[in-house]
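Next come the chains, spelled out residue by residue.
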Amino acid sequence: MKVEVRRPLDYAVNRPPIWCPGCGDYGILEALRRALAEMGVPNEEVVVVSGIGCSSQLPHFMKTYGIHGIHGRAVAIATGVKIANPRLKVVVVGGDGDGYGIGLNHMIHAARRNVGLTYIVSNNQVYGLTTGQMSPTTLRGTKTKTTPFGSVDEPVNPLALALAAGATYVARGFSGDVPHLTQLIKSAIVHRGFALVDVLSPCVTFNKVNTYDWFRARVYKLEESSHDPADYLQAYRKALEWPTLDPYGKIPIGLFYRTEEKPTYEEELLRLIGKAPIEAELQPREVLKLLER
Amino acid sequence: MELTIRISGAQGEGIETTGRTLAAVFARLGYHVFAYRQYGSIIKGNPTMFYQIRVSDRRIYSHGRWRTYDVLIALNDSALSAYRSGARYVISEKEIPLTEIAAKHGNKIMRNVAALGGLAALIGLDVSHVAEQIRREFGERGEKIAETNIAVLEEAYRYAGGRFSPVAEVKKIGEPRLLMSGAEALALGAVMAGMRFYVAYPMTPASPILHWLAEWGPKFGVAVVQPEDEIAAINMAIGAAYAGVRAATGTSGGGFDLMHEAFGFAAMIEVPVVVFLAQRGGPSTGLPTETEQSDFNMALSPAHGEYPHVVIAPRWIEEGLYAAARAFNIAEKYQMPVIVLVDLYFNESLSTVEFDPTRFKVERGELAAGPLVWEEYKRYKITESGVSPRAIPGTPGGMHIATSDEHDERGDVITDRHMPEIRKAMHAKRMKKLAKVLEEMEPPELLGDGERYVVAWGSTAMPLLDYAAERKIGLALFRDLHPLPLDTWAERLNSAKEVVAVELNYLGQFANYLASKGVRIDRKVLKWWGEPFSIDELEEWL
C-alpha cells in the first residue's frame, strides 16, 4: 500500500471557519487535522459528525465526509455510520450543550456499548450560537443571559459520567494547548472503542469567566503527575477533582483512563452477522430455505 | 368450506400459542387462513382475550365476523358468558372435562391442548395433524413435553369423539401454505430487499418486526440494534443510510412523535431511510394493544417545514411482503425518507400468503462511483429530476458534508448570511423530487363495478375485500397515499352514485385528504374503538 505523507492542510477546505476570532474551536480544528495527518488517514475514510452549535460547524471545515446533524443527536448518527461501515474513522464533534445537555443520554449509551467513536466535546460552559445562555457545564453562580442572578444548577461532570457509563477512553484537553490536544485526539482515534475527549475551549464572546488565562492558571498535565491511566478508580478520583470537588481549583488535563480489554459494539455485531453491513451481500436463497421450515 | 373458530381465555394461559398451532395446522392442510388476536395491555389476566381463526378453501383476507362464529372454545366462565351467544358450537368444561384430562397427564395448564382435541373431533379433523404440528413446534429438544401434550390432545379427542359426531370435515386440500403475520411479512420482505441495518425501540405493535429481525436478521447479515430511544433509533438509521447501507427503523405513533425532527433531517440531507409506522389507538399512550388508523395525518406531515417524502400503506398481509422492497427502492432512487404505514391489525394478524421471490428487485438509484474529483463533485447538484448522484463514505474524492442547515450544491452551509437565490434553488430542487416520485405512485386498486364505491386505505382493505366478495359494490383501495396520483380513478369515483369512505379513526382523515384533492366523498363510515371492521359491521353500515 502506498503511504502518503499528509499535512494538516490536506484535511482543510478553502472555506475559512466562521467562528469568532480567538474561539477555542480553532484549536480543536487544528488539533484534529494534525492528528489525522500524523496518522495518515485517507480523507475519504474519515466521517466527522456533529450536532448543532458553534463547534458543530466544524465538519464544514474538514476535507472529509461529514454530517452536520440535528441538535444533540451526533453520537446516535455516528453510531449508525460506524455500525454500517466499521472501517471508517468516525469522529464526533459538538459542544457541551449539544452533548451534555440535549444529547447526554446518547453519550452514556454509546459509552456503555463501547461504540468505536472518537467524541470530541468543545466544552465552553455556555450556549454560544444562541448568544450566551447557561449550559450544563456552567459553573454554579455564573451569570449568563438565562441566569442573570447566577446559575443555581450544579454542573455535570462529563468525565465522571463517561467513566461511570463504561467509556474505555476518557481524556480532557485544552484548546489553548494544541500539541497536547493533538496527541489526545490521535490516541483517541487509534483507540478501538468509545473515546471521550472533553476539551476546555473558551468562548471569547459569551463566557467572560472561563477564559484562556483562567484555564492556564489552573490546568496541570496528568502525564506529568503519577497518574496511571490503566487505574479505573484513580481515574474516577481524578475526574472528580474539577469541577465536582473544587470548581475553582486545579484542573487535570490529559489521559484519565484507557482500556483495550472490552470488545467494541461493532465487533460484537460482526460476530453475529459475519460481515460488515456495507460489505454484506443479499442472500435470498438462504432466506428461502428458512421458509421451508 | 369455511369455518371460524374463536378461542377465548385469560392472557398468559397460552391462548395465542393454541391459536397459532391451530392456524398452522389448517395452513399445512392447504387452507387459506386468517388469525386475529384481541388482547389487553396486561401480561397475565384479562379473562376474555380471544384468538379468532378463520379458515376457508377460497382466498380470504380477514378475520370475518365479530358477532357470529362457528365454534367457541371457552377456557373460563367469563369467556363463556361473554361469547357463547355468537357461537354455533361451544367447547368448554361443560362439554369436555378439559382440566381433568390435562391434570391427569401432569398439568392442568394443558387444558388448551385438550380443547384442541375436542375441536378436532367436532370439526372432523384427523387429530394426527394437530399432533404433528405440536411435535414440530416443540422440536427434538422438547420431545417429552410434546408427547405429554399429545397424550392430552388424544384423550380429549377420544372423549369428544365418543360423545358427539363431527359437524364438518377438514381434510388436506392442497399443498401447505405459508402462514405469517404482517410484521413477519414486512421483516422478511425487508431482508429480501437488502436491508442491512434495523434499529428500533420496543413499542407495540411495531415490536414483532424487531423480534423477528433480532432472531433471523443476523443469519442474513442484518445488524439489529435496540437503542436507548426512538430518537436514537432514527438517527442511527440515518447515519447508516448515509454510510450506504439500506437502513430502517420501526415504531408506533408515540415513538414516531419523537422521530419527527430527524425525519425532516433525513429529507433535508437527502438520505434514504425507511420507517415502519405501526399504528395503534391514540393519542398519547392511547390503546396500546388495539388497532386504529389515526396516524395518517401525522404520516402526511411529520416534521416542520416542507420536504419530500413518501407514504405507502400495504393493504393486505401478502402485499406487506413486497412493501419494504418498494419503500427502499423509492427511498434510494429519490433519496428521501419513506413511511410504510401499517397498524396493529395488520402487524399482528396471521394470514396465509403466496411468496414470489422473483418480485424482489433492488434499485439503488444514483450512486456516484468513485474515484471522484473532489474539486468538482457536487453532492447536491441541481438536476432536472432533483436527484443528485450520492457518494458514500469511502469513495475517494466524494468527500462532502450533509447538513441539516440549508446548503448549496456542494453541501456547504449557507445560513451565515442571507442567500435567497441559493435557498430558492435548493429548496425547489428537493421539492421537485416530490413531483418526480409521483410518477411512480400507483393509483388505487379499483375492484368490482358498481354505482357505489367504497374507499379505504391500508389494512381496512382486508375486511372490505371479504365483504365485497359476496356482493356487487365497487372498491377503491389505496396503498400509495402520498404523493397521490390523481387520474382516471378520481373521475370514476366522482361519477359514481355514492362514494363511502371507510377508515378506523374519528375524523375520516383519509376521506378529508381525498376531498381536499377534489374527490367526492358522500359518506364516512368510521370506527375508533380499537378493533378492525368486520364483515357483519360492513353489512350493517354500508
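Keep in mind the model is a prediction, meaning the values are calculated, not measured.

Thresholds applied
- Residue numbering note: each chain is counted from 1, following its sequence as written.
- Labels follow written order: the first chain is A, the first ligand is 1, and so on.
- Where local features are concerned, this predicted model is filtered to residues with pLDDT of at least 70; where side-chain atom pairs are given and counted, the filter is 80 or more; whole-chain, interface and lining totals use all residues.
- Going along the chain from the N terminus, every DSSP run of H or I of four or more residues is numbered as a helix, and every run of E of two or more is numbered as a strand.
- Exposure is read from a count of other C-beta atoms within 10 Å of each residue's own; the residue is exposed at 12 or fewer, buried at 20 or more and partly exposed in between. C-beta atoms are placed from the backbone.
- Placing a C-beta atom from the backbone of each residue, one calls two residues in contact when those atoms lie within 7 Å.
- Only C-alpha atoms enter the radius of gyration, while the globule expectation follows 2.2 Å times N to the 0.38, with N the number of residues.
- As a working rule, the residues Ala, Val, Leu, Ile, Met, Phe, Trp, Tyr, Cys and Pro are called nonpolar, Asp, Glu, Lys and Arg charged, and the rest polar, with Gly in that last group.
- If DSSP finds at least two bridges between two strands, the strands pair.
- The nonpolar core is taken to be a set of buried Ala, Val, Leu, Ile, Met, Phe, Trp, Tyr and Cys residues joined by way of C-beta atoms within 7 Å.
- In a helix, the anticipated span is given by 1.5 Å times the number of residues less one.
- Lines fitted to C-alpha atoms define the axes here, with helix axes fitted over just the stretch in contact, and angles between the N-to-C directions of these axes take values from 0 to 180 degrees.
- By convention here, the domain bounds are inherited from an automatic or database domain assignment.
- The predictor's confidence in any single residue is recorded as pLDDT, a number from 0 to 100.
- Working rule for angles: under 35 degrees goes down as roughly parallel, over 145 as roughly antiparallel, 65 to 115 as roughly perpendicular, anything else as oblique.
- Crossings are classed by handedness, with left-handed meaning an anticlockwise turn of the near helix from the far one by less than a right angle and right-handed meaning a clockwise turn.

Draft legend 1. Representation of the overall build of chain B. In terms of helices and strands, chain B carries 19 helices and 20 strands. With the C-alpha coordinates of chain B rotated into their principal frame, the extents come out at 85 × 60 × 40 Å. Taking all 542 residues of chain B together, 54% fall into the buried category. Look at the contacts in chain B between residues 6 or more apart in sequence, and 74% of them connect residues 24 or more apart.

Draft legend 2. Seen up close, the overall build of chain A. Per the secondary structure count, chain A includes ten helices and ten strands. Here the C-alpha atoms of chain A give a radius of gyration of 20 Å, agreeing with the 19 Å that 2.2 N^0.38 yields for 293 residues. Seen through its principal axes, chain A has C-alpha atoms that stretch 70 × 45 × 40 Å. Expressed as a percentage of the 293 residues in chain A, the buried residues total 53%. A fraction of 70% describes how many contacts in chain A between residues 6 or more apart in sequence connect residues 24 or more apart.

Draft legend 3. Molecular detail of the interface of chain A and chain B. With 46 residues of chain A at the contact, the number on the chain B side is 50 residues. Elements with a contribution of two residues or more to the side of chain A that touches chain B: strand S2 (65–68), helix H2 (74–84), helix H4 (104–113), helix H9 (265–273) and helix H10 (284–291) of chain A. Among the elements that take part in the side of chain A that touches chain B, H2 of chain A stands out by supplying eight residues, more than any other. Here the residues of the side of chain A that touches chain B are counted per class, giving 25 nonpolar, 14 polar and seven charged. Across three bridges, the pairing between S2 of chain A and strand S14 (residues 401–403) of chain B is parallel. Residue pairing for S14 of chain B: histidine 68 of chain A is matched across the bridge by threonine 403 of chain B.

Draft legend 4. Local environment of the nonpolar core. Formed by 252 residues in total, the largest nonpolar core has its most connected members in Phe197, Ala237 and Val340 of chain B. Setting aside chain neighbours within four positions, we find alanine 237 of chain B in contact with Gly80 of chain A together with Phe197, Val199, Ala247, Ala248, Thr249 and Val273 of chain B. By size, the runner-up hydrophobic cluster in this structure holds seven residues, among which are Cys54, Val126, Cys203 and Phe206 of chain A.

Draft legend 5. Geometry of the pairing of strand S10 (residues 274–279) of chain B. Residues and elements named next belong to chain B. The buried fraction of S10 amounts to six of the six residues, a majority that puts the element mostly inside the structure. Because side chains alternate across S10, one face comprises the buried residues Val274, Phe276 and Ala278, and the other comprises Val275, Leu277 and Gln279, equally buried. Pairing geometry for strand S9 (residues 247–251) and S10, over four bridges, is parallel. Within S10, the position partnered with glycine 250 by the bridge is phenylalanine 276. Pairing of S10 with strand S12 (residues 338–343) involves six bridges; the strand directions are parallel. Looking at S12, one finds that phenylalanine 276 is bridged to valine 340.

Draft legend 6. Structural context of helix H4 (residues 111–123) of chain B. All names here are of chain B. An ideal rise of 1.5 Å per residue puts 18 Å on 13 residues; H4 measures up with 18 Å between its terminal C-alpha atoms. Across the 13 residues that make up H4, a large majority, twelve, are buried. Of all the residues in H4, the buried ones are Arg111, Asn112, Val113, Ala114, Ala115, Leu116, Gly117, Gly118, Leu119, Ala120, Ala121 and Leu122.

Draft legend 7. Up close: the environment of threonine 264 of chain A. Residue and element names in this part refer to chain A. Mapping threonine 264 onto the fold places it in the loop between strand S10 (251–258) and H9. As a C-alpha pair, threonine 264 and glutamate 279 span 15 residues in sequence and 19 Å in three-dimensional space. In this view, threonine 264 contacts Asn114, Val115, Gly116, Arg192 and Gly193; residues no more than four positions away in its chain are not counted.

Draft legend 8. A look at the sheet that holds strand S20 (residues 523–526) of chain B. Residues and elements named next belong to chain B. Judged by pairing direction, the sheet is mixed, and its five strands sit side by side in the order S15-S17-S16-S19-S20 without closing on themselves. A strand with exactly one partner marks an edge of an open sheet, and here the two such strands are strand S15 (445–447) and S20. The mean inter-strand angle of the sheet, taken between neighbouring strand axes irrespective of direction, is 20°. Summarising the sheet, strand S19 (residues 498–503) and S20 pair through four bridges and their orientation is parallel. Each bridged residue has a counterpart across the sheet, and for valine 500 the counterpart in S20 is arginine 523. Where helix H18 (residues 509–516) meets the sheet, its contacts fall on strand S16 (452–457), S19 and S20, and the angle it forms with S19 comes to roughly 140°.

Draft legend 9. Main features of helix H6 (residues 178–190) of chain A. Taking 1.5 Å of rise per residue, 13 residues should cover 18 Å, and H6 of chain A covers 18 Å from first to last C-alpha, within 8% of that figure. Of the surrounding elements, those touching the buried residues of H6 of chain A are helix H1 (25–39), strand S3 (89–95), strand S4 (118–123), strand S7 (169–174), strand S8 (195–200) and S10 of chain A.

Draft legend 10. Quick peek at the domain arrangement of chain B. Residue and element names in this part refer to chain B. Taken as a whole, chain B is organised into domain 1 (2–161), domain 2 (180–359) and domain 3 (445–541). Centre-to-centre, using C-alpha coordinates, domain 2 lies 24 Å away from domain 3. Contacts between the two partners involve 23 residues from domain 2 and, on the opposite side, 20 residues from domain 3. Mapped onto the side of domain 2 that touches domain 3, the elements with two or more residues apiece are helix H12 (296–300), strand S11 (310–312), S12 and helix H14 (344–348).

Draft legend 11. Structural detail: the packing of H2 of chain A against H4 of chain A. At a minimum axis distance of 8 Å, the contact between H2 of chain A and H4 of chain A shows a crossing angle of 35°. Counting all contacts with H2 of chain A, which are made through Val75, Ala76 and Thr79 of chain A, the residues of H4 of chain A involved are His106, Met107 and Ala110 of chain A.

Draft legend 12. The arrangement of the sheet that holds S3 of chain A in detail. With mixed pairing, nine strands are arranged side by side in an open sheet as S9(A)-S10(A)-S7(A)-S8(A)-S4(A)-S3(A)-S1(A)-S2(A)-S14(B). On the outer flanks of this sheet lie strand S9 (219–221) of chain A together with S14 of chain B, each paired with one strand and no other. Ignoring strand direction, the axes of neighbouring strands in this sheet form an average angle of 20°. Pairing analysis gives six bridges linking S7 of chain A to S8 of chain A, with the strands arranged parallel. By the bridge assignment for S8 of chain A, alanine 171 of chain A is matched with valine 197 of chain A. With respect to the sheet, H6 of chain A is in contact with S3, S4, S7, S8, S9 and S10 of chain A, its orientation differing from that of S7 of chain A by roughly 160°.

Draft legend 13. Expanded view of the environment of leucine 29 of chain A. As for its placement among the helices and strands, leucine 29 of chain A is situated in helix H1. Spatially, the C-alpha atom of leucine 29 of chain A lies 19 Å from that of histidine 191 of chain A, the residues being 162 residues apart in sequence.

Draft legend 14. Seen up close, the environment of threonine 64 of chain A. Within the element layout of this structure, threonine 64 of chain A appears in the loop between strand S1 (46–50) and S2. Each C-alpha atom of the pair threonine 64 of chain A and threonine 244 of chain A lies 37 Å from the other, and the pair is 180 residues apart in sequence. Those residues in contact with threonine 64 of chain A that sit more than four places away from it in its chain are Tyr11, Asn43, Val46, Val47 and Val48 of chain A together with Met399 of chain B.

Draft legend 15. Up close: the confidence of the model for chain B. Averaged over all residues, the pLDDT of chain B equals 96, while 100% of them reach at least 70. Our summary of model confidence lists the complex with pTM equal to 0.97 and ipTM equal to 0.97.

Draft legend 16. Main features of the packing of helix H9 (residues 230–242) of chain B against helix H11 (residues 260–268) of chain B. All names here are of chain B. The geometry of H9 relative to H11 is characterised by a closest axis approach of 9 Å and an angle of 15° between their N-to-C directions. As judged from the angle between their axes, H9 and H11 are roughly parallel. In this structure, the crossing between H9 and H11 has a hand that is right-handed. Note on element contacts: H11 touches H9 through Ala262, Phe263, Phe265 and Ala266, opposite Ile231, Ile234, Asn235 and Ile238.

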